[in-house]
Structure formats: C-alpha cells, structure tokens
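Read off the chains here:
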Amino acid sequence: QVQLVESGGGLVQAGGSLRLSCAASGIRFSINALGWYRQVPGKQRELVATITDGENTNYADSVKGRFTISRDNTKNTVYLQMNSLKPEDTAVYYCNTVMITRTTIPLGNWGKGTQVTVSS
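Scope of this entry: the structure provided in the associated data block.

Describing the state of the cysteines
Link 1 in the chain: Applying the stated criterion across every chain yields a total of one disulfide.
Link 2 in the chain: With its sulfur 1.7 Å from that of its partner, C22 forms a disulfide with C95. Judged by the torsion about the S-S bond (40°), the C22/C95 disulfide is right-handed. In this pair, C22 sits in strand 3 (residues 18-25) while C95 sits in strand 9 (residues 91-100), placing the two residues 73 residues apart along the sequence.

Focus on the sheet that holds strand 8 (residues 77-82)
Link 1 in the chain: Overall, antiparallel pairing links the four strands, which are arranged 1-3-8-7 in an open sheet. Looking along the sheet, the strands with just one partner apiece sit at the ends: strand 1 (3-7) and strand 7 (67-72). This sheet shows a mean twist of 15° between the axes of neighbouring strands, independent of strand direction.

What about the pattern of salt bridges?
Link 1 in the chain: Counted by the stated rule, this structure contains four salt bridges.
Link 2 in the chain: The salt bridge involving K64 is made with D61; its shortest N-O contact spans 3.2 Å.
Link 3 in the chain: You can call D61 exposed: its relative accessible area is 65%.
Link 4 in the chain: A salt bridge links R66 to D89; the shortest N-O distance between them is 2.7 Å. Residue R66 is located in the loop between strand 6 (57-59) and strand 7, and its partner D89 is located in the loop between strand 8 and strand 9; the two are separated by 23 residues in the primary sequence. The pair formed by R66 and D89 is uniform in burial state, with each residue classed as buried.
Link 5 in the chain: Taken together, the salt bridges that share partners define one network made up of R38, E46, R66 and D89.

Regarding the packing of aromatic side chains
Link 1 in the chain: For the coordinates displayed, the defined rule picks out two aromatic pairs.
Link 2 in the chain: An angle of 85° between the planes, with centres 5.0 Å apart, marks the rings of Y37 and W110 as edge-to-face. A residue pair is termed long-range when its members are at least 10 positions apart, and Y37 in strand 4 (residues 33-39) and W110 in the loop between strand 10 (104-106) and strand 11 (114-119) qualify at 73 residues.
Link 3 in the chain: Consider the rings of Y94 and W110, whose centres lie 5.9 Å apart with planes at 75°: the pair is edge-to-face. One end of the pair, Y94, is in strand 9; the other, W110, is in the loop between strand 10 and strand 11, with 16 residues separating them in the sequence.
Link 4 in the chain: Taking relative accessible area as the criterion, Y94 reaches 12% and is therefore assigned buried.

Procedures and definitions
- Residues numbered from 1 in each chain as written.
- Predicted model: local features only at pLDDT ≥ 70, side-chain atom pairs only at ≥ 80, totals over all residues.
- Heavy atoms only, no water.
- Disulfide = S-S within 2.5 Å.
- Helix = DSSP H or I, 4+ residues; strand = E, 2+ residues; numbered from the N terminus.
- Pairing = 2+ DSSP bridges.
- Axes fitted to C-alpha atoms, helices over the stretch in contact; angles between N-to-C directions.
- Salt bridge = Lys/Arg side-chain N within 4 Å of Asp/Glu carboxyl O.
- Buried < 20%, exposed > 50% of the residue type's maximum accessible area, 1.4 Å probe, protein only.
- Phe/Tyr/Trp six-rings, centres within 6.5 Å; stacked < 30°, edge-to-face > 60°.

The analysis is restricted to geometry; functional conclusions fall outside its scope.
Spelled out as structure tokens, the structure:
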C-alpha cells in the first residue's frame, strides 16, 4: 500500500525558509515522477513543483526562483526547499506520485499534508 508522509512545515516570517520532506513507501520510488501540491481552504489544490525519475524539474510560475524540488532515491524521499517565503505561500502542502503528460495527474491517495504558515 502506497503511503506518503509529509513533514517539515511550520510558522515562519516572510522572507524565511522551510524545507519540506515527503517519505514514500509501498512504491518503486526511483521510477516515479513526484509532485508537491498546496491547498488553501476553500480553493482547489494547486500544483507547485514536479520532478521526474530523471530529475527534470518544473515549477509553478508563482514559486519559480524561490522553491527547489529534489529527491533522494536512497531514502525514498522528495524534498521541497522553500526560500523567500511570502504570506501567499501559506497553505497545506502535499506530495504525490504523478503522471506527467500534457497535464500533471496525481496518482496516489493524498496524505495528511504539512501546514506552512508565513506571517507578514
């Protein structure tokens, strides 16, 4: 059974940094593309960043130049380094395995996510 556990969220001032982690189990981690999403109450979940099995990355325009997605296949973990955080980055952040075609489709069940709150 696929399990994704996000961690690393917290409260940070604007301009600060956080590093999120997502530990995966129950999948062949190294062959999967992965994505980070975020969701604000009352809004749709938003794709933030993706990384392929070949470590090609892509980012939402709103986070380009500030966020970096990476993976460690030896630890079955995907990371999201978030710098220069803004109040509008406040959300619950989730990871998932994804299929990348013309669009990006999340494949697995969603975990509990990790809350990121950026104060102004």
